[in-house]
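A look at the structure
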Amino acid sequence: MLKPTAGRVPGTGHFPRVGPLNDGRTQIGPLARNVADLERVLAVIAGPDWRDAGVPPVPLQSSADAVLDGASFAVLTGEEPWWPDADQTAAHESAAAALADAGMTRTDWQIPWLTDGNDITRRYWARTELSGEEADRQLWDWDRYRHRYLRAAETIDFLLTPTCLEPAPEHRDVRGRDFIFTLPASLTGSPAITIPAGLDARGLPLAVQLIGRPWEDHRVLAAAKLLAT
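Scope of this entry: the structure provided in the associated data block. It should be emphasised that the depicted structure is a prediction, and the values quoted were computed from it without experimental measurement.

Right, let's talk about the overall build of the chain for a bit. If you tally the helices and strands in the chain, you get six helices and six strands. Element order for the chain, N to C, with α for helix and β for strand: β-α-β-α-β-α-α-β-α-β-β-α. Scaling as 2.2 N^0.38, a compact globule of 229 residues should have a C-alpha radius of gyration of about 17 Å, and the chain matches this with 17 Å. If one aligns the C-alpha atoms of the chain with their principal axes, the spans along those axes are about 50 × 40 × 35 Å. Out of the 229 residues belonging to the chain, those deemed buried represent 44%. In the chain, 75% of the contacts between residues at least 6 apart in sequence involve partners at least 24 apart. Working note: accessible area of the chain is about 12200 Å², and carbon and sulfur atoms make up 54% of it.

This is the structure in structure tokens:
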């Protein structure tokens, strides 16, 4: 599953309607069985349609042209109170080892990222209930969060995170904790991809997430191929 850079794919036809001003988080992206198919679909749907004003004419590069030699990645495991379970942590570390074996360099991540992301997102979801002053504060906090996050990632090519705190569960209602690791990429407009990472002891699927820099979707796809082989 790929979430492209915000503004990469038009939201034209999305229901309910979304746009860059009223919904700066939602980004349409493909779901496929393999990374190659994700890239094929992205090439079809990406680019301006001259109806969605939030889509600039930024060329989409091929993953074949991505240079990963010497690329760095940070491993983000969680923070209080969001820590992945043992099976998810093991899958996460296995993915980190695969990136390192491919010649990438593991580095550190310095700032909290989940607590603020959760708070800003929940206020965003409740924005129709906020006062004008509260809504203005939410947008200010969102801008500051995006600035801090992108500045921290300025010298880091990729962030490797769990996708969820635990393996995909048997059928139940969605809980707020289920998507905590996906919030930062949505708030910052960064491209992110989820890659299967094996099964737990019960045979339930595990997954990891790779987040890249905005507009470097092709590098995210190229790095994902290292984990999907």
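Still more to cover.
Turning to the pattern of salt bridges, a few remarks are in order. Counted under the stated rule, the structure contains 14 salt bridges. For R8, the salt bridge identified is with D217, shortest N-O distance 3.0 Å. Residue R8 is found in the loop between β1 (2-3) and α1 (35-45), and its partner D217 is found in helix α6 (residues 217-227); the two are separated by 209 residues along the sequence. Of the two residues examined, R8 and D217, each falls in the buried class.

Looking at the largest pocket, its volume works out to about 1100 Å³. Lining the largest pocket are 44 residues, with M1, T163, C164, T182 and T194 positioned closest to its centre. Listed by contribution, the elements that provide at least two residues to the lining of the largest pocket are β1, α1, α5 (183-188), β5 (192-199) and β6 (205-211). In terms of residues, the lining of the largest pocket owes the most to one element, β5, which gives six residues.

Now for the environment of S94. In this fold, S94 is placed in helix α2 (residues 86-101). Overall, S94 belongs to the partly exposed group, its relative accessible area being 48%. Separated by 133 residues in sequence, S94 and L227 have C-alpha atoms that sit 9.4 Å apart.

Time to look at the side chain of D217. Taking relative accessible area as the criterion, D217 reaches 0% and is therefore assigned buried. Looking at D217, its side chain comes within polar contact range of the side chain of T5, at 2.9 Å. In this structure, D217 is in contact with P4, T5, R8, L42, L60 and P191, ignoring residues within four places of it in sequence.

Residue placement: E39 occurs in helix α1. Since its relative accessible area comes to 16%, E39 is described here as buried. Residues in contact with E39, not counting those within four places in the same chain, are Q61, S62, S63, L221 and K225.

The contact between α2 and α6 brings their axes to 9 Å, and the two run at 110°. Taken together, the axis directions place α2 and α6 in an arrangement best described as roughly perpendicular. Contact with α2, carried on its side by A95, A98 and L99, involves A223, L226 and L227 of α6 and no other residues of that element. Split by residue class, the contact of α2 with α6 holds six nonpolar, no polar and no charged.

Calculation criteria
Residues numbered from 1 in each chain as written. Predicted model: local features only at pLDDT ≥ 70, side-chain atom pairs only at ≥ 80, totals over all residues. Heavy atoms only, no water. Helix = DSSP H or I, 4+ residues; strand = E, 2+ residues; numbered from the N terminus. Rg over C-alpha atoms; globule rule 2.2 N^0.38 Å. Buried < 20%, exposed > 50% of the residue type's maximum accessible area, 1.4 Å probe, protein only. Contact = heavy atoms within 4.5 Å. Areas by Shrake-Rupley, 256 points an atom, 1.4 Å probe, with all protein chains shown as cover. Salt bridge = Lys/Arg side-chain N within 4 Å of Asp/Glu carboxyl O. 1 Å grid on protein atoms, 1.4 Å probe; cavity = no way out; pocket = protein on both sides within 12 Å on 5 of 7 lines; lining within 4 Å. Points joined across faces, edges and corners; volume = space filled by probe spheres on them. Polar contact = N/O pair within 3.5 Å; in protein donor to acceptor, adjacent residues only side chain to side chain. Axes fitted to C-alpha atoms, helices over the stretch in contact; angles between N-to-C directions. Parallel < 35°, antiparallel > 145°, perpendicular 65-115°, else oblique. Nonpolar A, V, L, I, M, F, W, Y, C, P; charged D, E, K, R; others polar.

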